[in-house]
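For reference, the chains in residue letters:
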Amino acid sequence: MFVWGEPEGELGINFDHIWQKTLTVLNPLKPADGSIMNETDLAGPILFCVALGATLLLAGKVQFGYIYGMSAIGCLGIYALLNLMSSSGVSYGCVASVLGYCLLPMVILSSGAVFFSLQGTIGTVLALVIIVWCSLSASKIFISALDMEGQQLLIAYPCALLYGLFALLTVF
Amino acid sequence: MAAVDDLQFEEFGDVATSLAANPDATTINIEGPGETPKRLGPPRGSGREEDDELLGNDDSDKTELLAGQKKSSPFWTFEYYQTFFDVDTYQVFDRIKGSLLPIPGKNFVRLYIRSNPDLYGPFWICATLVFAIAISGNLSNFLIHLGEKTYHYVPEFRKVSIAATIIYAYAWLVPFALWGFLLWRNSKVMNIVSYSFLEIVCVYGYSLFIYIPTAILWIIPQKAVRWILVMMALGISGSVLAMTFWPAVREDNRRVALATIVTIVLLHTLLSVGCLAYFFDAPEVDHLPTTAVVPNQTVVAAKSS
């Protein structure tokens, strides 16, 4: 039986999965499906990183180097921590993929920074909300993919520190 | 086959020898109701009753047995360290709560750690403390010099690395020295209670938690407030440490025991006072000259009227 190959399948980018993962990130309170992280793709994360850099550029800050540097080192730290805390290991690509997807709310924050300055009470509160949003989504995906219930807040805290650094980059 | 007092090998030895002599014989092993299980620890002494209160858990023998089976992977793999991160959220919160509420007679290690020391708590508490001190120090300096026109605020990132070095060195080197010292004393005097290196690291790490809100409150530029905060934090974490290590040195020479506890508290004091002095500028008392001027003016006005 002859089956035509799907165009996105040949490119290796599965738009449906990317959209699904994005929806999971945008709704941090809904429990995640553990199987969505089975194929790790870096297309979405790279897109969000570039979007973050672009919105920061629009706000007048040229900091691509810091973004990529902090992402790499932060991913390494979370990768080590997850391997220590979970009974099954994770790959570096999976960690980078999840952290990259959960960067989406930060892109929203930095696009807000284009229109109004974030230094001030409202900006600080907004940044804190976004940090909590990002880290809750990331920890939710990690614990459902790695079967680590009971440890969500323990994972969320280091993720919050990492996203806090990104927020500092965005606000100041 | 010498019979040791606490180890009841006699029955097993008989069975073994009789089986060795006659492999085909069937043997019946009837356990009496009053048989006590094999003890792994040192012989029971008079101080054991108090330690039972402190133990808070009767299955400590089981956990000792399990603890002996832990480390089997080589130390350069992740698996070796996985046993030290095997904690749930509520366990970490419980341990933090235990470090904030020192109850006399309750031993932090026996009650909360129970042969499951974790490295997650100490590592992240130290990291948070480093950030808290660095950020609060910068913020307080910024606020103190806010009105001065000649002062240009520069965020000092160098202080982050200094704070990190100091706090991580304290959290690892002092437990290491204390562990070595206790080991040395254990060889001289038989102590009932002895702690492993990781348990000591754990206690020190969790005892530093109280300094996180203290560091944030140190932003308030009042000298009296800051010193009251130091006293309170020192009281709480110092008493947690003292109550943890008192059972370990109690059996020893009175002077050595007291000297050990005093040294522990002294080092803790040094850390907190040093952090306060180095990272937080003293609030200036420059409003004093203006208040001295006003009474003079009222006196002059009273004289001239």
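In this text, all values refer to a predicted model and were calculated from it rather than measured experimentally. (Residues numbered from 1 in each chain as written. Chains lettered and ligands numbered in written order. Predicted model: local features only at pLDDT ≥ 70, side-chain atom pairs only at ≥ 80, totals over all residues. Heavy atoms only, no water.)

The next point concerns the overall build of chain B. When helices and strands are tallied, chain B shows 13 helices and zero strands. Counting from the amino terminus, chain B carries its helices and strands in the arrangement α-α-α-α-α-α-α-α-α-α-α-α-α. The buried share of chain B, reckoned over its 305 residues, is 34%. If you sum the accessible surface of chain B, you get close to 18300 Å²; carbon and sulfur atoms cover 66% of it. (Helix = DSSP H or I, 4+ residues; strand = E, 2+ residues; numbered from the N terminus. Buried < 20%, exposed > 50% of the residue type's maximum accessible area, 1.4 Å probe, protein only. Areas by Shrake-Rupley, 256 points an atom, 1.4 Å probe, with all protein chains shown as cover.)

We now examine the overall build of chain A. Helix and strand content of chain A: eight helices and zero strands. Each helix (α) and strand (β) of chain A, taken in turn from the N terminus, gives the series α-α-α-α-α-α-α-α. Of the contacts formed within chain A by residues at least 6 apart in sequence, a portion of 73% connects residues at least 24 apart. Put simply, chain A shows about 8800 Å² of open surface, and 71% of that area lies on carbon and sulfur atoms. (Contact = heavy atoms within 4.5 Å.)

Below, the discussion takes up the UniProt feature "transmembrane region" (unreviewed entry) in chain B. All names here are of chain B. Those places that UniProt annotates as "transmembrane region" (unreviewed entry) correspond, in this numbering, to residues 119-140, 160-184, 196-221, 227-249 and 256-280. Taken end to end, residues 227-249 comprises 100% helix and 0% strand; its first and last C-alpha atoms sit 31 Å apart. Across residues 256-280 one finds 96% helix and 0% strand; the C-alpha atoms that close the span lie 36 Å apart. (UniProt positions renumbered as here; feature names shortened; annotations may be inferred.)

All names here are of chain B. In the predicted model, chain B carries a mean pLDDT of 74, and 69% of its residues have values of at least 70. Least confident of the elements in chain B is helix α2 (residues 48-55), whose mean pLDDT is 46; most confident is helix α10 (residues 211-217), at 91. Under a pLDDT of 50 for its full length, residues 34-59 has, in the predicted model, 28 contacts with residues more than four places off or in other chains. Below a pLDDT of 50 lies the segment residues 286-294, which in the model reaches zero contacts outside its immediate sequence neighbourhood of four places, other chains included. Reported confidences for the modelled complex are a pTM of 0.71 and an ipTM of 0.76. (pLDDT = per-residue confidence, 0-100.)

Moving on, we come to the environment of L81(A). Along the chain, L81(A) turns up in helix α4 (residues 64-85). Judged by its relative accessible area of 8%, L81(A) falls in the buried class. C-alpha of L81(A) to C-alpha of P158(A): the two residues are 77 residues apart in sequence and 8.9 Å apart in space. If we skip the residues at most four places from it in the chain, L81(A) touches P158(A), F85(B), Y120(B) and W124(B).

Residues and elements named next belong to chain A. Here the UniProt-annotated "transmembrane region" (unreviewed entry) positions come out as residues 42-59, 66-86, 98-118, 125-146 and 152-171. The distance from the first to the last C-alpha atom of residues 66-86 is 29 Å, and the span holds 95% helix and 0% strand. Along residues 98-118 one finds 76% helix and 0% strand; the C-alpha atoms at either end are 26 Å apart.

Right, let's get into the interface of chain A and chain B. Accessible area lost during the coming together of the parts is what is often quoted as the interface size. Each partner contributes to the interface: chain A provides 18 residues, whereas chain B provides twelve residues. The contact between chain A and chain B buries some 1400 Å² in all, and 67% of this surface belongs to carbon and sulfur atoms. For chain A, the biggest contributors to the area lost against chain B are L84(A), L154(A) and Y157(A); these three give 42% of the whole. Viewed at the interface, chain B and chain A are joined by zero salt bridges. (Buried area = accessible area lost by both parts, 1.4 Å probe. Salt bridge = Lys/Arg side-chain N within 4 Å of Asp/Glu carboxyl O.)

There is a patch of nonpolar side chains on the surface, built from F131(B), I135(B), L139(B), F142(B), L143(B) and L146(B) and spanning about 530 Å² of accessible area. The residue L139(B) is located in helix α7 (residues 120-144) in this model. (Patch = residues over 30% accessible without salt bridge, like charges linked within 9 Å, V, L, I, M, F, W, Y side chains within 5 Å.)

All names here are of chain B. Inspection of the entire model under this criterion finds one salt bridge over all chains. Salt-bridge contacts for R95 lead to D118; the nearest nitrogen and oxygen are separated by 2.5 Å. Of this pair, R95 sits in helix α5 (residues 89-100) while D118 is found in the loop between α6 (108-113) and α7, placing the two residues 23 residues apart along the sequence. Relative accessible area serves as the criterion here: at 2%, R95 is assigned to the buried category. D118 sits in the buried class, given a relative accessible area of 1%.

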